[in-house]
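This is what each chain is made of:
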Amino acid sequence: MNNLFTIDCGEVLLREFRIEDVDAIYELTSQPEVYEFLPDWRSTKEQRLNWVTNYEVPDNKGFLATVPNIEGGNCLISFSRSLSPL
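Peer 1: Sorry if this is basic, but what is going on with the packing of aromatic side chains here?
Peer 2: Two numbers describe a pair of aromatic rings. These are the distance of the centres and the angle of the planes. Per the counting criterion, the structure on display carries one aromatic pair. Pairing F17 with W51 gives two aromatic rings, centres 5.5 Å apart and planes at 65°, and the pair type is edge-to-face. Placement of the pair is F17 in the loop between strand 2 (13-15) and helix 1 (22-29) and W51 in helix 3 (residues 45-66), with a sequence separation of 34 residues. For F17, a relative accessible area of 33% corresponds to the partly exposed category. A cation over a ring is seen here: R42 above Y35, with NZ or CZ 3.7 Å from the ring centre. R48 extends its terminal NZ or CZ atom over the ring of W51, reaching a point 5.6 Å from the ring centre.

Peer 1: Please clarify how the pattern of salt bridges should be interpreted in this entry.
Peer 2: Two side chains carrying opposite charge are able to pair once their charged atoms lie near each other. Overall, the coordinates contain five salt bridges when judged by the stated rule. Linking R15 and D21 is a salt bridge whose minimum nitrogen-to-oxygen distance equals 2.8 Å. What makes R15 partly exposed here is its relative accessible area of 36%. Under the relative-accessibility criterion, D21 is labelled buried at 11%. Because the salt bridges share partners, they merge into one network encompassing R15, R18, E20 and D21.

What counts and how
- Residues numbered from 1 in each chain as written.
- Predicted model: local features only at pLDDT ≥ 70, side-chain atom pairs only at ≥ 80, totals over all residues.
- Heavy atoms only, no water.
- Phe/Tyr/Trp six-rings, centres within 6.5 Å; stacked < 30°, edge-to-face > 60°.
- Helix = DSSP H or I, 4+ residues; strand = E, 2+ residues; numbered from the N terminus.
- Buried < 20%, exposed > 50% of the residue type's maximum accessible area, 1.4 Å probe, protein only.
- Lys NZ or Arg CZ within 6 Å of the ring centre and 35° of its normal.
- Salt bridge = Lys/Arg side-chain N within 4 Å of Asp/Glu carboxyl O.

Structure below.
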């Protein structure tokens with residue numbers, strides 16, 4: 001199991017990317033509306049998997065290791081347990 005960093009501000013919930021998110025990220029970034037404003041985001045599903053696996057997840061872990069005690073004003077910031085391992 002892994003700790004999963006989340007920020008819950010009521011109507012908005014933010015959390016770290018997980019390997020399981022690759023399909024959803026690929027679908028989202030494959031939409032024409034995204035290409036219009038972010039043309040460099042065109043990629044294959046394999047490239048998205050590489051990005052999440054080798055950049056996003058390790059960078060998140062590195063960030064969290066440097067700021068272990070974060071306090072949030074009106075937001076709940078916590079580590080919860082992920083049900084699926086990397």
